[in-house]
Amino acid sequence: MRRLGLITAVLFGGLLAYATPDFPDWGDPRSPASTHVSPYYIQNSLADTAVPNIVTAVLADYRGYDTMFETTVIFAAGLACLFLLRNFGPRAVESRLYRHRPTGITLRIEQGGDLPENSAEFERIDSQWVPYDLIIRCAGRLVLPFIQLFALYVVAHGHHSPGGGFQGGVIFGAALIFYALSHDLRSTLGHLPEARSLIVAAVGVLIYVGTGVLCLLLGGAFLDYAALAGLLGVDPVMARSHGILMVEIGVALAVTTVMVSLYYYLATAGRLDEGL
Amino acid sequence: MMAVLTTLLLTGGLIFFLGGAVGILRFPDFYARLHPAGKLDTMGLLLTLGAMALYTAAGGRLGDWLTAIKILLIVALVFITSPTATHAIVDAGVRAGLSPWMREDEGTEHDLAA
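Quick caveat: nothing in here was measured; it's all calculated off a predicted structure.

J.: How should the overall build of chain B be read in this particular structure?
T.: The secondary structure content of chain B amounts to three helices and zero strands. Along chain B, helices (α) and strands (β) appear in the sequence α-α-α when read from the amino end. Taken against the 2.2 N^0.38 rule, which gives 13 Å for 114 residues, the C-alpha radius of gyration of chain B at 18 Å runs more than 25% over that of a compact globule. Expressed along its principal axes, the backbone C-alpha trace of chain B runs to roughly 60 × 25 × 15 Å. The proportion of buried residues among the 114 residues of chain B is 27%. Across chain B, every contact between residues at least 6 apart in sequence was considered, and the portion connecting residues at least 24 apart equals 67%. Of the roughly 7300 Å² that chain B leaves accessible, carbon and sulfur atoms contribute 75%. When the 7 positive and 9 negative side-chain charges of chain B are each reduced to one mean point, those points stand 13 Å apart.

Below, the structure is given as structure tokens:
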């Protein structure tokens, strides 16, 4: 079996090496990637979409169909983690956690171990107990609003600077994970419960697809934002700019909530009970 | 003038970074190694980013000043978060039961530098 794997790896590696000389040279202006559509994007994207950032224009407008399925892939990854990692059953091993008061060390006693119930030095703590740390909490409270504001800025400013739905969503999701780390998982779950998180992820995908369907209903092609001009009350070029913002918001919602859900499942082994 | 000041600040920042790197490699145990990691890297970052902000602001236009202010905002963020992160790591070490290195421990299994 291992020999078979070696043969396969060598065979495909050899094929790849054999195909490498056929690639165009680095930065070759006559390469296929630089001859077909790239010059059109570079020359016309500002006039077509009123978006100075060519990357955003290409990502969310010219190849918006591709980005729609990228968002769907992220949503599907979140769902796959729900089915793979979520543990709905009762806990297999009943263990108890104790804190040693003088040192603050946490002990986990598995079932059948000697329980230090009678000692005054040990304090029984429940499965959601987390060490209280004033410094980390205060730093978290101080920094979090600015991180979240910056995330919204990255989403909204993707037209003009590097950024957009994916990047802003990741920053916002990281801010929520930082909240879970600096406070505890229970209060994060209070703000964004597991079910609501997954529903918002679905709503994010729905916003993207819904924008496309709306264009279809208004007489344009699927994801042709110029059709929204009448609805938004702007000219077709500006409508494409606004349409990009609409789908970016959908992407940001999906990415944020999928990131937070993944953290929930991975940090707690799918039980959502132990605050990290 | 501005170039001289920027060079001085950058050099100072790099000296702090060098000290931090040497400290992480040479100090005896977990807690002592976090000491240069937390303090010297923060100071080195403050000096190098300050030099960048000065260099940018020397352009004198409004856009240059805005960029300099953004760099200073990064400095403020790092000044809050970097010591907090070091504190969190040290706290996790204490809670996990790792005892600090002492002089009389030399040569025993606690001596992580060996």
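J.: I would appreciate a short explanation of the environment of Tyr65(A) in the present structure.
T.: Residues and elements named next belong to chain A. Mapped onto the elements, Tyr65 comes out in helix α5 (residues 64-85). In the structure, Tyr65 is positioned 147 residues away from Gly212 in sequence and 8.9 Å away in space, judged by C-alpha atoms. Excluding anything up to four places from it in sequence, Tyr65 contacts Phe222 and Leu223.

J.: I would appreciate a short explanation of the packing of helix α3 (residues 38-49) of chain A against helix α4 (residues 54-62) of chain A in the present structure.
T.: Each pair of packed helices can be summarised by the angle the axes make with each other and by the distance between the axes. Residues and elements named next belong to chain A. For the pair α3 and α4, interaxial distance at closest approach is 10 Å and the crossing angle is 75°. Taken together, the axis directions place α3 and α4 in an arrangement best described as roughly perpendicular. On the side of α3, the interface is formed by Tyr40, Tyr41, Ile42, Asn44, Ser45, Asp48 and Thr49, while α4 contributes Ile54, Ala57, Val58, Asp61 and Tyr62. Among the residues making up the contact of α3 with α4, the classes are represented as seven nonpolar, three polar and two charged.

J.: Hey, could you run me through the pattern of salt bridges in this one?
T.: Counting across every chain of the model gives five salt bridges over all chains. Glu194(A) is paired through a salt bridge with Arg86(A); the nearest N and O atoms lie 2.8 Å apart. Here the residue Glu194(A) occupies a position in helix α9 (residues 194-217), and Arg86(A) occupies one in the loop between α5 and β1 (96-100), the gap between them amounting to 108 residues. Each of the two residues, Glu194(A) as well as Arg86(A), counts as buried. Here Arg61(B) makes a salt bridge to Asp64(B), at a shortest N to O gap of 3.5 Å. Judged by its relative accessible area of 14%, Asp64(B) is buried. Each of Arg63(A), Asp66(A) and Glu70(A) takes part in one network of salt bridges that share partners.

J.: Is there a simple way to explain the sheet that holds strand β2 (residues 105-109) of chain A in this structure?
T.: Sheet strands associate in pairs through backbone hydrogen bonding, adopting either a parallel or an antiparallel arrangement. All names here are of chain A. In space, the three strands of this open sheet follow the order β2-β1-β3, with antiparallel pairing throughout. The open sheet has two free edges, formed respectively by β2 and β3 (122-125), since each of these has just one partner strand. If you compare each strand with its neighbour and ignore which way they point, the axes differ by 30° on average. As paired elements, β1 and β3 share four bridges and run antiparallel to each other. When the bridges of β3 are listed, His100 appears paired with Phe122.

J.: Would you mind going over the side chain of Arg240(A) with me for this structure?
T.: If you trace the backbone, Arg240(A) turns up in helix α11 (residues 236-267). Dropping the residues within four chain positions of it, Arg240(A) is found in contact with Asp48(A), Thr49(A), Asp61(A), Tyr62(A), Tyr225(A) and Ala226(A).

J.: Can you walk me through the confidence of the model for chain A in this structure?
T.: Of all residues in chain A, 94% attain a pLDDT of 70 or more, and the chain-wide mean is 86. Across chain A, element-level confidence peaks in α9(A) with a mean pLDDT of 94 and bottoms out in β3(A) with 74.

J.: What is the right way to look at the environment of Pro24(A) in this model?
T.: Residues and elements named next belong to chain A. Residue position: Pro24 is located in the loop between α1 (2-19) and α2 (32-35). Spatially, the C-alpha atom of Pro24 lies 54 Å from that of Cys138, the residues being 114 residues apart in sequence. Discounting residues that sit within four places of it in the chain, Pro24 has contacts with Ser31 and Pro32.

Quick notes on the rules
- Residues numbered from 1 in each chain as written.
- Chains lettered and ligands numbered in written order.
- Predicted model: local features only at pLDDT ≥ 70, side-chain atom pairs only at ≥ 80, totals over all residues.
- Heavy atoms only, no water.
- Helix = DSSP H or I, 4+ residues; strand = E, 2+ residues; numbered from the N terminus.
- Rg over C-alpha atoms; globule rule 2.2 N^0.38 Å.
- Buried < 20%, exposed > 50% of the residue type's maximum accessible area, 1.4 Å probe, protein only.
- Contact = heavy atoms within 4.5 Å.
- Areas by Shrake-Rupley, 256 points an atom, 1.4 Å probe, with all protein chains shown as cover.
- Lys, Arg positive; Asp, Glu negative; His and termini not counted.
- Charge placed at Lys NZ, Arg CZ, Asp CG, Glu CD.
- Axes fitted to C-alpha atoms, helices over the stretch in contact; angles between N-to-C directions.
- Parallel < 35°, antiparallel > 145°, perpendicular 65-115°, else oblique.
- Nonpolar A, V, L, I, M, F, W, Y, C, P; charged D, E, K, R; others polar.
- Salt bridge = Lys/Arg side-chain N within 4 Å of Asp/Glu carboxyl O.
- Pairing = 2+ DSSP bridges.
- pLDDT = per-residue confidence, 0-100.

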